[in-house]
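Structural overview
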Amino acid sequence: MEIRLDCDGPIGVMDSGMGGISVLRELAGLLPHENFVFYGDSANAPYGSRSTEKIYQLTEQVVQKLLKRGVKAVVIACNTASSAAGARLRAEYPELPIVAIEPALKPAVIACPGGRVVVLATEATLRERKFARLLTEWQGKAEIIKLPLPGLPEFVERGELDSPQLREFLQGFFVQLADRPVDGVVLGCTHYPFVRKVIAELLGPQVKVFDGAAGTARQLRRRLYSRRLLTTSQQPGSIQWLNSSPEPEMIELSKKLFTITI
Ligand code: DGL
């Protein structure tokens, strides 16, 4: 496919489902004149327990769909897809700016030197080389604990952001941290910021919470600026919502998740 980048074209943002909306909020906040196309692959969510190859294939299909919409850049607003497919997609589409989120381990370790930092992410994110490299860079400067939470994205996909069942589900994982307080928690999956309040409450008032959305937004702005791809428009930008799920309420839920306080 021939790729022609137009500075007034939209920016494609993708996730395995609804999670990437937590990133889209930051992107649209930092770049209010840009137009966005958000693609949630809810029909195939969750990605987090799938093989690397399958995650790559699913992500690549979404990138193809976004390119057909004329996007000038793609933000992989999914840590899982970034880890499993980011480098390969960059090699495959060298002319396309691709910005990929990663767990905010760096700011967490810097804010909690020598402390106890828990990285919550999917199984795939925590097993991939991208995270291993991040860990090598930061381990020794804090106690870093990896904790996958399979099953959590499903709560967010159905809009269940606080409930006794959700609290019980999280407690089941957090019991293994109960021996000592946690100083910092990294929300290394873009679905998790939607349940940030519950996670913070369960881990205690001392815990500092980090996610990668703001860093990703700044990275996107830098990339667009350096490629002369920032929009020339001074009008408020728009968001086009796409979702692979046949269920009609997914678009309504997407819009709701974009505006609620988290
Ligand atoms: N939102 C995705 C991420 O950031 C994960 C959810 C999933 O397992 O699909 O990793």
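Everything below is about the structure shown above.
Below: a short report on this structure. (Residues numbered from 1 in each chain as written. Predicted model: local features only at pLDDT ≥ 70, side-chain atom pairs only at ≥ 80, totals over all residues. Heavy atoms only, no water.)

Topic: the packing of helix H2 (residues 52-68) against helix H3 (residues 79-92)
- Across the interface, H2 lies against H3 with an axial gap of 9 Å and an inter-helix angle of 60 degrees. One way to sum up the angle between H2 and H3 is to call them oblique. Of the two elements, H2 crosses H3, and the hand of that crossing is right-handed. Across the interface between the two elements, Thr52, Glu53, Ile55, Tyr56, Thr59, Glu60 and Val63 from H2 touch Thr80, Ala81, Ala84, Ala85, Arg88, Leu89 and Glu92 from H3. (Axes fitted to C-alpha atoms, helices over the stretch in contact; angles between N-to-C directions. Helix = DSSP H or I, 4+ residues; strand = E, 2+ residues; numbered from the N terminus. Parallel < 35°, antiparallel > 145°, perpendicular 65-115°, else oblique. Left-handed = near helix turned anticlockwise from the far one by under 90°. Contact = heavy atoms within 4.5 Å.)

Focus on the site of the ligand
- Close to the ligand lie 13 residues, the nearest being Ser16, Tyr47, Thr80, Thr190 and His191.
- Within the side chain of threonine 80, one N or O atom sits 2.5 Å away from an oxygen atom of the ligand.
- Here the ligand loses 99% of its free accessible area of 300 Å² to cover by the protein chains.
- The class makeup of the residues in the shell around the ligand is five nonpolar, seven polar and one charged. (Near = heavy atom within 4 Å. Polar contact = N/O pair within 3.5 Å; in protein donor to acceptor, adjacent residues only side chain to side chain. Areas by Shrake-Rupley, 256 points an atom, 1.4 Å probe, with all protein chains shown as cover. Nonpolar A, V, L, I, M, F, W, Y, C, P; charged D, E, K, R; others polar.)

A few points about the sheet that holds strand E8 (residues 208-211)
- With respect to topology, four strands assemble into an open sheet ordered E6-E5-E7-E8, the strand pairing being parallel. Whereas interior strands pair on both sides, the edge strands pair on one side only; in this sheet they are strand E6 (143-148) and E8. Between one strand axis and the next, the sheet turns by 20 degrees as a mean value, whatever way the strands run.
- Where strand E5 (residues 116-121) meets strand E7 (residues 184-187), four bridges bridge the pair, whose relative direction is parallel. (Pairing = 2+ DSSP bridges.)

Remarks on the sheet that holds strand E1 (residues 11-15)
- Read from one edge to the other, the open sheet built from five strands follows the order E4-E3-E1-E2-E9, with strand pairing classed as parallel. Both edges of this open sheet fall to strand E4 (98-100) and strand E9 (239-243), since each of them pairs with a single strand only. Direction aside, neighbouring strands of the sheet carry axes that sit 20 degrees apart on average.
- Examined bridge by bridge, E1 and strand E3 (residues 73-76) share four bridges and lie parallel to one another. Across the sheet, the residue bridging to methionine 14 is isoleucine 76, located in E3.
- In this fold helix H1 (residues 21-30) packs onto E1, strand E2 (36-40), E3 and E9, with an angle of close to 175 degrees to the strand it touches most, E2.

Distances and angles like these do not, on their own, reveal function.
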